[in-house]
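Residue-level structure breakdown
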Amino acid sequence: MAQYNLRMPELPEIEVLKRSLEPQLVGRRFGTVRVRDPRLREPVDARRLRRHCRDREILGLRRRSKYLLVDLEGGYTLVVHLGMSGRLTLAPAETPAEAHEHLSFGVIERDRRYRRRKLRFRDPRRFGLVLSLQTRSLDGDRHFAHLGVEPLGERFSGRLLARAAEGRRVAVKSFLMDARQVVGVGNIYACEALFRSGIHPFRAAGRISRKRWDRLGDAIVDVLGDAIRQGGTTLNDFADGDGNVGYFQVALDVYGREAEPCTLCSRPIRREILANRSTFYCPGCQR
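Our subject in this report is the structure included herewith.

Cut-offs applied
Residues numbered from 1 in each chain as written. Predicted model: local features only at pLDDT ≥ 70, side-chain atom pairs only at ≥ 80, totals over all residues. Heavy atoms only, no water. Axes fitted to C-alpha atoms, helices over the stretch in contact; angles between N-to-C directions. Helix = DSSP H or I, 4+ residues; strand = E, 2+ residues; numbered from the N terminus. Parallel < 35°, antiparallel > 145°, perpendicular 65-115°, else oblique. Left-handed = near helix turned anticlockwise from the far one by under 90°. Contact = heavy atoms within 4.5 Å. Nonpolar A, V, L, I, M, F, W, Y, C, P; charged D, E, K, R; others polar. Buried < 20%, exposed > 50% of the residue type's maximum accessible area, 1.4 Å probe, protein only. Polar contact = N/O pair within 3.5 Å; in protein donor to acceptor, adjacent residues only side chain to side chain. Salt bridge = Lys/Arg side-chain N within 4 Å of Asp/Glu carboxyl O. Pairing = 2+ DSSP bridges. Core = buried A, V, L, I, M, F, W, Y, C linked by side-chain atoms within 4.5 Å.

**Some words on the packing of helix 1 (residues 11-25) against helix 6 (residues 210-229)**
At a closest axis distance of 9 Å, the pairing of helix 1 and helix 6 adopts a crossing angle of 40°. Judged by the inter-axis angle, helix 1 sits oblique to helix 6. Helix-helix and strand crossings are classified by hand; for helix 1 and helix 6 the assignment is right-handed. Across the interface between the two elements, L11, P12, E15, V16 and R19 of helix 1 pack against L224, A227 and I228 of helix 6. Among the residues making up the contact of helix 1 with helix 6, the classes are represented as six nonpolar, no polar and two charged.

This is the structure:
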């Protein structure tokens, strides 16, 4: 299969990461916070991280869009975004630092007799983000205030999308990828959901019937759910908290399959550029 910008981890990959780390972190404490290289998308504030994270119990892990949130005692939250090439993995504390390892958090077990581990963040391309915020101010922070509805949340539905799309001339694929409308539907999953619902990616968002929006809403939930169950899409740099890659790439119907036969009608899959992104669709099945 050809590769088309399979780099940035999307919502399913962050959900997989959250689920892999959750049982290994919740109830433990962060110990030493070591910043080796603060150069990320925003410079790492080592002093603030230590003040908010060191010797704090890990209460839970959440995901908001493509951000991993680690809630800590004392009302603080560690925020991590993988950017284009970031990895967040657990390793034994004595493991030597990796190349491009920007920072690490010591993880203290409930029973201090057990060997310690470290949660380490590496990012060769330095587009990632690691910061800490007060939990109560999270929703109003500039990183989160503009974000739309979660596609795996209770509020999400085709009806909600249809209402937001009324009168909009923008292509439906671009509409789905607008984080102000719905978060986490990246290029791969937008292409796959539109294929499953039979909707052409260039069709104007405001010219889609309510019935088709319902079908598209269901397809978005299904394709994201399938990707999560299969461990996320295999990206060049993505791995979960244990270093395992995903396998959803083998199940893609249109993305990366230019000129290959459609799995439904056998017509060749097309690739066109929409908003500077490769867009894959079947000209026979999608209208």
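Okay, back to it.
**Some details on the side chain of E101**
Within the secondary structure layout, E101 lies in strand 6 (residues 101-108). Here E101 falls in the buried class, since its relative accessible area comes to 5%. In this structure the side chain of E101 is engaged in a polar contact, spanning 3.1 Å, whose partner is the backbone nitrogen of E98.

**What about the pattern of salt bridges?**
Using the criterion set out here, one finds 23 salt bridges in the structure. Residue R196 is joined to D226 by a salt bridge in which the shortest nitrogen-to-oxygen separation is 2.9 Å. Of the two residues, R196 is situated in helix 5 (residues 187-197) and D226 in helix 6; the sequence distance between them amounts to 30 residues. Here E258 makes a salt bridge to R271, at a shortest N to O gap of 3.0 Å. You can see E258 sitting in the loop between helix 6 and strand 9 (270-274) and its partner R271 sitting in strand 9, a full 13 residues away along the chain. On the accessibility criterion, E258 (35% relative accessible area) is partly exposed. Exposure remark for R271: the relative accessible area of 31% places this residue in the partly exposed category.

**Quick word on the sheet that holds strand 8 (residues 129-134)**
Here we have four strands laid out as an open sheet, ordered 2-3-4-8, and antiparallel in their pairing. Of all the strands in the sheet, just strand 2 (58-64) and strand 8 have a single pairing partner and so form its edges. Geometrically, the sheet is characterised by an average inter-axis angle of 20° between neighbouring strands, direction not taken into account. Bridge analysis of strand 3 (residues 67-72) against strand 4 (residues 76-81) gives six bridges, and the strand direction is antiparallel. Each bridged residue has a counterpart across the sheet, and for V70 the counterpart in strand 4 is L78. Seen against the sheet, helix 1 touches strand 2 and strand 3 and runs at an angle of roughly 175° to strand 2. The sheet contacts of helix 2 (residues 46-53) involve strand 3, strand 4 and strand 8, and relative to strand 8 the element is tilted by about 50°.

**Details of the pairing of strand 2**
Bridging between strand 2 and strand 3 involves six bridges; their strand directions are antiparallel. From the neighbouring strand, I58 faces strand 3, where its bridge partner is L72. Joining the antiparallel neighbours strand 2 and strand 3 is a turn of two residues, in which S65 adopts a positive phi near 55°.

**Overview of the nonpolar core**
If you look at the biggest cluster of nonpolar residues, it comprises 37 residues, and the most contacted ones within it are L161, V172, F175, L176, W213, L216 and I220. Put simply, the parts of the chain that give this core at least two residues each are helix 1, helix 3 (158-165), helix 4 (172-176), helix 5 and helix 6. The leading source of residues in this core is helix 6, at eight residues. The contacts of V172, once residues within four sequence positions are left out, are L194, I199, H200, P201, R203, A205, I208, W213 and L216. Counting residues in hydrophobic clusters, the runner-up holds 28 residues, among them I14, L17, L25 and F105.

**Looking at the packing of helix 3 against helix 6**
Orientation of helix 3 relative to helix 6, taken along the N-to-C sense of each, is 125°, at an axis distance of 7 Å. It follows that helix 3 is oblique to helix 6 by the angle criterion. Helix 6 is crossed by helix 3, and the crossing has right-handed handedness. Where helix 3 abuts helix 6, its residues G158, R159, L161, A162 and A165 lie against R210, W213, D214, G217 and I220.

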